[in-house]
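What follows is each chain in one-letter form.
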Amino acid sequence: MSITVTSFTNVIAFAFGITTVMPCLRSFYAFATLGILFLYIYEIIFFISCLVYDERRLEARKDGCFCRPKLNWKPNECSQRNTQQIIFENYIGPGVTKITTKVIILLITAGCLCVNTWAVFQLEQNFDPLWYLNQDSYPIQFNDKLKQYFPKYGKRAGIYMTGVDYYEDRKSLSHLVEVLRQNKFVNNGTLEPWFIAYEKWLNVTNKGKLTS
């Protein structure tokens, strides 16, 4: 009963996730839903049937490989010996309880912790927000056409700022443009700051000289 309740609650929970518009999440939820459902069907049909037939075989004293009856069958000494218990009691148990072994285990654990902590900070994130969009949506179609006909431009980006005085802060803005042009990840041919053209227009029209 517990397996049935747990399986069906998980199936229902993951099935609701299939309604999402995000393709990657929809595929994951569909895979998880079908996986849990068929695993439950496998448990109640195939596994239980095999278990019942195996119990009948044991009661009939039949061979485990060819299912042939063995009326005078007796378990051999090897099958009655608990090898795992013998190994733990005679070898692993006494070895682990030694102080030297404990120190070595602690050092290995600390080393693994340090390596894993270092590896976490070395992870690189490869994220594309387009993965979460509907693949039939307009942004996806626009991005596909952009990569098809204008591959050299790369990803388009914009910088928006508030509280900026474009006349008083024109030197800082010009410095920002120079920094972006020197960035290796920015294509200089596609950098189009509008305030640079605005500054040129002020200089040409002599409107940049303010009089008191």
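My aim in this report is to walk through the structure given alongside it, one point at a time. Predicted, not measured: the structure shown is a model, and the values here were computed from it.

For the pair helix α7 (residues 170-182) and helix α8 (residues 194-205), the least separation of the axes is 10 Å and the interaxial angle reads 130°. Accordingly, the angle class assigned to the pair α7 and α8 is oblique. In this structure, α7 crosses over α8, and the sense of that crossing is left-handed. Residue-level contacts link Arg170, Leu173, Ser174 and Val177 of α7 to Phe195, Ile196 and Glu199 of α8. Class assignment for the residues of the contact of α7 with α8 results in four nonpolar, one polar and two charged.

To continue, consider the packing of aromatic side chains. Evaluated as defined, the whole model comprises six aromatic pairs. Taken together, the aromatic side chains of Phe14, Phe28 and Tyr29 make up a single cluster linked through ring pairs. Geometry around Tyr53 places Arg56 over its ring, the cationic atom sitting 5.7 Å from the centre.

Following the sequence through the fold, Asn90 ends up in helix α4 (residues 83-96). Separated by 100 residues in the primary sequence, Asn90 and Thr190 have C-alpha atoms spaced 73 Å apart.

Any two side chains of opposite charge can pair if their charged atoms end up close together. Going through the model one piece at a time under the given rule, you end up with two salt bridges. Arg57 is paired through a salt bridge with Asp54; the nearest N and O atoms lie 3.1 Å apart. Here Arg57 and its partner Asp54 are both found in helix α2 (residues 23-59), three residues apart, which amounts to about one turn of the helix. Judged by its relative accessible area of 16%, Arg57 falls in the buried class. You can call Asp54 partly exposed: its relative accessible area is 32%. Among the salt bridges present, the one from Arg181 reaches Glu178, with a minimum N-O distance of 3.6 Å.

Cut-off values and rules
- Residues numbered from 1 in each chain as written.
- Predicted model: local features only at pLDDT ≥ 70, side-chain atom pairs only at ≥ 80, totals over all residues.
- Heavy atoms only, no water.
- Axes fitted to C-alpha atoms, helices over the stretch in contact; angles between N-to-C directions.
- Helix = DSSP H or I, 4+ residues; strand = E, 2+ residues; numbered from the N terminus.
- Parallel < 35°, antiparallel > 145°, perpendicular 65-115°, else oblique.
- Left-handed = near helix turned anticlockwise from the far one by under 90°.
- Contact = heavy atoms within 4.5 Å.
- Nonpolar A, V, L, I, M, F, W, Y, C, P; charged D, E, K, R; others polar.
- Phe/Tyr/Trp six-rings, centres within 6.5 Å; stacked < 30°, edge-to-face > 60°.
- Lys NZ or Arg CZ within 6 Å of the ring centre and 35° of its normal.
- Salt bridge = Lys/Arg side-chain N within 4 Å of Asp/Glu carboxyl O.
- Buried < 20%, exposed > 50% of the residue type's maximum accessible area, 1.4 Å probe, protein only.

Remember, this is a structural readout, not a statement about activity or role.
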